[in-house]
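Each chain, letter by letter, is given below.
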2 protein chains.
Amino acid sequence: MESQGQINGSWAEALIGGLAAAGVARAVISPGSRSTPLALACLRHPSLSCRVLLDERTAAFFALGLARAEGRPVALICTSGSAVANWHPAVVEADLARLPLILLTADRPPELQDCGANQTIDQRGIFTAQLRACHLLPPAEVESDWLVHLAARAVSQSLWPLSGPVQINVPFREPLLAPSSQSAEWGKSGPRVVLPELLPPVAEIARLADLCGDARGVIVAGAEPLPAEPIVRLAAALDWPILADPLSGLRFGTHDLSRVMAAADTFLRGGALAAEWVFRFGAFPVSKPIATWLKASEARQVLISPDSRWADPQRAAEIVFHADPGAFAEALTGVVRRPAPRGWQTLVRTSETSALRLAARHQPPEAGALRSVLDFLPEDGLLFVGNSMAIRDLDSFSGTVAKRLSVLGNRGASGIDGNLASFFGAAASGRYGAAVAVVGDLTFLHDLGGLAAGQGINAVICVLDNGGGAIFEHLPQAGLAEFEAGWLTPQKADFAAAARVWGHAYHRVDADRFDAALAEALDAQGVTILHFPIDRAASVARHRALWAGAQSL
Amino acid sequence: MESQGQINGSWAEALIGGLAAAGVARAVISPGSRSTPLALACLRHPSLSCRVLLDERTAAFFALGLARAEGRPVALICTSGSAVANWHPAVVEADLARLPLILLTADRPPELQDCGANQTIDQRGIFTAQLRACHLLPPAEVESDWLVHLAARAVSQSLWPLSGPVQINVPFREPLLAPSSQSAEWGKSGPRVVLPELLPPVAEIARLADLCGDARGVIVAGAEPLPAEPIVRLAAALDWPILADPLSGLRFGTHDLSRVMAAADTFLRGGALAAEWVFRFGAFPVSKPIATWLKASEARQVLISPDSRWADPQRAAEIVFHADPGAFAEALTGVVRRPAPRGWQTLVRTSETSALRLAARHQPPEAGALRSVLDFLPEDGLLFVGNSMAIRDLDSFSGTVAKRLSVLGNRGASGIDGNLASFFGAAASGRYGAAVAVVGDLTFLHDLGGLAAGQGINAVICVLDNGGGAIFEHLPQAGLAEFEAGWLTPQKADFAAAARVWGHAYHRVDADRFDAALAEALDAQGVTILHFPIDRAASVARHRALWAGAQSL
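Computed from a prediction, not measured in an experiment: that's the story for all the values here. (Residues numbered from 1 in each chain as written. Chains lettered and ligands numbered in written order. Predicted model: local features only at pLDDT ≥ 70, side-chain atom pairs only at ≥ 80, totals over all residues. Heavy atoms only, no water.)

1. Concerning the confidence of the model for chain A
Here comes step 1: Mean pLDDT for chain A: 96, with 99% of residues reaching 70 or above.
Here comes step 2: The complex model carries a pTM of 0.97, and its ipTM stands at 0.96. (pLDDT = per-residue confidence, 0-100.)

Laid out in structure tokens, this is it:
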């Protein structure tokens, strides 16, 4: 008869082996006792790449970054109890950003639930609102072959029809470990799961081509990575401009940039763009002026979404196409015959040019740093951008760059949390020629623990330190007597020491030395933190001057 | 007509004013935009004491520490989105440790839910399994008087019949703020809520006294603060020994310590204690030998729990009294006539004395540090103790001390998370003559972000650095080839730098310099971190020698 430890081991191996067979290549593990069979199976699996991180919040954001960079599900493993709850912030982002995570929560068996046993909480409902599926396993049993199929199912659920987090709760009885454990047979696998191509119906595409022929239209490429080539080809066929969010993937690449606009956040402050049609791809754009324009516009809006959600906070969509964005764009490109009237593209391009010129004139120090990062990043480089002002400054000042760059951010929930760990996870994927994060000081300090995840990775973090939550300087809260204490909240923190905790390099830089320091950091091994203190008042003044100037564009 | 900003302001003021009138004296706020009306009402309230902390996970653990120290509900405020999820680890601990928290989650209004609006998640079900109640408010309206009553209800629910976390979800529409906002009338309050005394029925107590007369019995005082005076008086009346957990509050104080045993973790390794009765108060004890003895014992077990839960992972209780522990002890003391046979108390005391002598002989360096902390802490000092080895070493080596000390730990879920922030919250209550935390290196590094919460507080953190999760050295995982990578997980971290990030003092100490450094740190302003590196192998050997010696006690 098998011992409890052997049963636990085989059970965990069946599950982990099944996940690996179904396409999971990475596991991020936080140390713990109850999770021992799962962690051990991961560490012993011949093809799983494992990373061990102490803080579960950091581990989960790291896994999220990996999943974002690789587009494949990543397994997370932690022990029972509050450990699980530390994953929640990243699970929220994974839900909204639709990133596949397999959440393996080790648990105590039913007889230890709700009776005062140590490190025992109700783990069944903890992520309910965020999950695609939740598999509550029985305590480990002898018969474990079915777990290989369950693993295939879980991986499939994390990818389709709406990718996101899937939980598998795995109770184990003691003893957790067999006195001497052997290595498993890893060959077993569940079914190979084939996901569909999401094609728009031909008749609907033909009708749309008919409707929007000859019209003045705009493509809004929103705040998530989109397939650049088919979208720019559609734009060419329609001769429509593309208002490209900095996270859309359309601003930076070797595709045709001639219709890609990167300064709509500026030129739309000046006045309307009399579009008759808007095609929206991806998440809602970061830019408030684009949102304001869309709200006021009478353009007919078509949304293209590859899953059951669509981003329409203004409830303005007239048609929603559930289709793969690339497939939609290709299908429509194939049948469009009548592009926009001549002059429409030129009109928008003129606004873009004026806006870029104006932005160059009123460029705050943050913009210079961001431009340098775009210049210095090699082909296939990664720029991870923090929320609040970092992403907005990138929106206003990046322009377009004829170089393949990936721009990522935690824009699902747009949280201030876990940005550094997410960045390191993305960088650890090994998919990028180099990796740079640009974040504000509060975003950096919110994720001090995340700096631990940078060990062993080559990466650069630029901290644009404007002494607190500078975004609030642009909001009505700035007028309150309680502004500094309750909203700006400048922190008295030693950034050099923060770097040193985990052995990262640190350089305090100013605008003059930024480029040289960045070039050096990109050549260096390990993590370098470039700390760029910014005169907040001057920066605020420059932003205001730009926006005031934009009014008369 | 009132503007939206004014409506938001009055709504928040009614709610916050109501909470303050119902007894909430503290608010812990994390900066954000959507939460502006709530934060502003807190900051302006004349009697609320506010603390602003950037990282919501830290903020929640800080609030938890305050609630633990003060026994009063603490309000938490954060903005919408993933911010809320960062509270979850502390909410898990608050649930299991039964600590009152009022979770004020600012939210976007219904029309911005599930449509791709920024920083919008489903906040309604996020804490379901942990909450006592969840109030989902409508978006702020003109008529707000009822909120004062709702606040009284929420405070009551956080305290009785099972204290713990209560959520109030508070959606606001834009504009969040009125151009010029006035201060509120704060006088309004809901009903004064009177909670019951939980007395055991007289007949049941008389029956119990009858049953356990003349018997050899033991009182097990578990891992949560208990009323010392009535319990030691009951022990005197029965002439029973008390096996006192280090978190029970019974080991350290000016009450009668003559029947309080602090070395059961050692002497129960040697053999059985032939008790006929066990009265268990509080959470299940930390000690594994106590658990093992209880499981093997044929003693009839009586549990005393003041709420609807009771800690009985072994499912061994014969009678559960739902009553206030102090009231139970007093009632029974009043009717006990026949104490245990002579010699019973002496028998246990002899074991205790031998165990303490043995422990002194095999004392590892951690024990010396803990003893010094107990010696140097002034009357009414606070010792906050981390989980894993710190609490177990305190259990084995503290003995008893005739001085009023509070010993606290996050023993609800026994998590490694948020210990520093919880400690700082307790220290910030101002209830203690001095505050010292003793934690392991992994517990310290797991909560690096929590160090931010120490600013402005006088406190000492002793880090017992045994180079990783030394508790696993005593578990079967220690035999694995993957032991160091997956379980011990020693961290390459610079503790001095970690201290410096937030301006805390740091001293690396050894056994010889520990006492002097501790004395100095207790006199110093601000936070001092005493970093005590420990030879793990030597410490493991001493623990093993003690336990081996204990076998023959």
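Having put the structure on the table, let's press on.
2. A closer look at the UniProt feature "domain: Menaquinone biosynthesis protein MenD middle" (unreviewed entry) in chain A
Here comes step 1: Mapped onto this numbering, the UniProt entry annotates "domain: Menaquinone biosynthesis protein MenD middle" (unreviewed entry) at residues 214-385 of chain A.
Here comes step 2: With 38% helix and 19% strand, residues 214-385 of chain A has its two end C-alpha atoms placed 38 Å apart. (UniProt positions renumbered as here; feature names shortened; annotations may be inferred. Helix = DSSP H or I, 4+ residues; strand = E, 2+ residues; numbered from the N terminus.)

3. Structural notes on the sheet that holds strand β6 (residues 165-171) of chain B
All names here are of chain B.
Here comes step 1: What the 6 strands build is an open sheet, ordered β2-β1-β3-β4-β6-β5; its pairing is parallel. The open sheet terminates on both sides in strands that have one partner only, identified here as β2 (49-52) and β5 (133-136). The sheet shows a mean angle of 15° between the axes of neighbouring strands, taken without regard to direction.
Here comes step 2: Here 3 bridges tie strand β1 (residues 26-29) to strand β3 (residues 74-78), and the two strands are oriented parallel to one another. Bridge pairing in β3 places V28 opposite L76.
Here comes step 3: With respect to the sheet, helix α1 (residues 4-21) is in contact with β3, β4 (101-107) and β6, its orientation differing from that of β4 by roughly 175°. (Pairing = 2+ DSSP bridges. Axes fitted to C-alpha atoms, helices over the stretch in contact; angles between N-to-C directions. Contact = heavy atoms within 4.5 Å.)

4. Brief notes about the interface of chain A and chain B
Here comes step 1: Opposite the 75 residues of chain A that make contact, chain B presents 75 residues.
Here comes step 2: Across the chain A to chain B interface the summed buried area is about 6100 Å²; carbon plus sulfur atoms make up 58%.
Here comes step 3: Broken down residue by residue, the surface that chain A buries against chain B is led by L54, W487 and V501 of chain A, which jointly contribute 10%.
Here comes step 4: Between R44 of chain B and E482 of chain A there is a salt bridge; the shortest N-O distance is 2.9 Å.
Here comes step 5: In this structure, the connection of chain A to chain B is made through 33 residue pairs in polar contact (both at pLDDT 80 or more).
Here comes step 6: At the level of secondary structure, the elements contributing two or more residues to the side of chain A that touches chain B comprise α2 (36-44), α3 (56-70), α4 (82-85), α5 (88-97), α16 (441-446), α17 (483-488) and α18 (495-501) of chain A.
Here comes step 7: The element contributing the most residues to the side of chain A that touches chain B is α2 of chain A, with 5 residues.
Here comes step 8: Here the side of chain A that touches chain B is composed, by residue class, of 38 nonpolar, 20 polar and 17 charged. (Buried area = accessible area lost by both parts, 1.4 Å probe. Salt bridge = Lys/Arg side-chain N within 4 Å of Asp/Glu carboxyl O. Polar contact = N/O pair within 3.5 Å; in protein donor to acceptor, adjacent residues only side chain to side chain. Nonpolar A, V, L, I, M, F, W, Y, C, P; charged D, E, K, R; others polar.)

5. Points about the relation of the copies chain A and chain B
Here comes step 1: Taken as rigid bodies, chain A and chain B are interconverted by a rotation of 180° and an axial shift of 0.0 Å, the fit giving an RMSD of 0.0 Å. The two molecules are tied by a two-fold rotation axis, judged by turn and shift. Residue A497 of chain A of chain A places its C-alpha closer to the rotation axis than any other residue of that unit, at 2.4 Å. (Least-squares fit on C-alpha atoms with pLDDT ≥ 70 in both.)

6. Details of the nonpolar core
A general trend in soluble globular proteins is that nonpolar side chains are found buried together.
Here comes step 1: In this structure, F424, F444 and I461 of chain A together with F424, F444 and I461 of chain B are the most contacted members of the largest nonpolar core, which totals 130 residues.
Here comes step 2: Leaving out residues up to four positions away in the same chain, I461 of chain B has contacts with L420, F423, F424, A437, V439, F444, L451, T528, I529 and L530 of chain B. (Core = buried A, V, L, I, M, F, W, Y, C linked by side-chain atoms within 4.5 Å. Buried < 20%, exposed > 50% of the residue type's maximum accessible area, 1.4 Å probe, protein only.)

7. Section: the packing of aromatic side chains
Here comes step 1: For the coordinates displayed, the defined rule picks out 20 aromatic pairs over all chains.
Here comes step 2: Their ring planes at 40° and their centres at 5.5 Å tell us that F514 of chain B and F532 of chain B sit as a pair that is tilted. With F514 of chain B in helix α19 (residues 511-523) and F532 of chain B in strand β18 (residues 527-533), this residue pair connects regions lying 18 residues apart in the sequence.
Here comes step 3: Joined through ring pairs, the aromatic side chains of W240, W277, F279, F281, F321 and F328 of chain A make up one cluster.
Here comes step 4: Sitting over the ring of F62 of chain B, R51 of chain B keeps its end group 5.1 Å from the ring centre. (Phe/Tyr/Trp six-rings, centres within 6.5 Å; stacked < 30°, edge-to-face > 60°. Lys NZ or Arg CZ within 6 Å of the ring centre and 35° of its normal.)

8. Let's talk about helix α15 (residues 419-428) of chain A
Residues and elements named next belong to chain A.
Here comes step 1: Most of α15 sits inside the fold, with 9 of its 10 residues counted as buried.
Here comes step 2: When α15 is considered as a whole, its buried residues turn out to be N419, L420, A421, S422, F423, F424, G425, A426 and A427.
Here comes step 3: In the segment just after α15, G430 is the residue with positive phi, at about 75°.

9. Quick notes on the domain arrangement of chain A
Accessible area lost on assembly of the parts is the figure often given for the size of an interface.
All names here are of chain A.
Here comes step 1: Domain assignment breaks chain A into domain 1 (4-171), domain 2 (202-355) and domain 3 (362-550).
Here comes step 2: Computed over C-alpha atoms only, the centres of domain 1 and domain 2 are separated by 39 Å.
Here comes step 3: Contact residues are listed per partner, giving 6 residues for domain 1 and 4 residues for domain 2.
Here comes step 4: Summing both sides of the interface, domain 1 and domain 2 together bury roughly 440 Å²; the carbon and sulfur share of this comes to 33%.
Here comes step 5: Contact with domain 2 buries area across many residues of domain 1, yet R98, P161 and L162 alone supply 82% of it, more than any other trio.
Here comes step 6: One can count 3 salt bridges joining domain 1 with domain 2.
Here comes step 7: Two residues, D95 and R309, come together in a salt bridge whose shortest N-O distance is 2.5 Å.
Here comes step 8: The interface formed by domain 1 and domain 2 contains 3 residue pairs in polar contact (both at pLDDT 80 or more).
Here comes step 9: Residues that form the side of domain 1 that touches domain 2 fall into these classes: 3 nonpolar, no polar and 3 charged. (Domains from an automatic or database assignment.)

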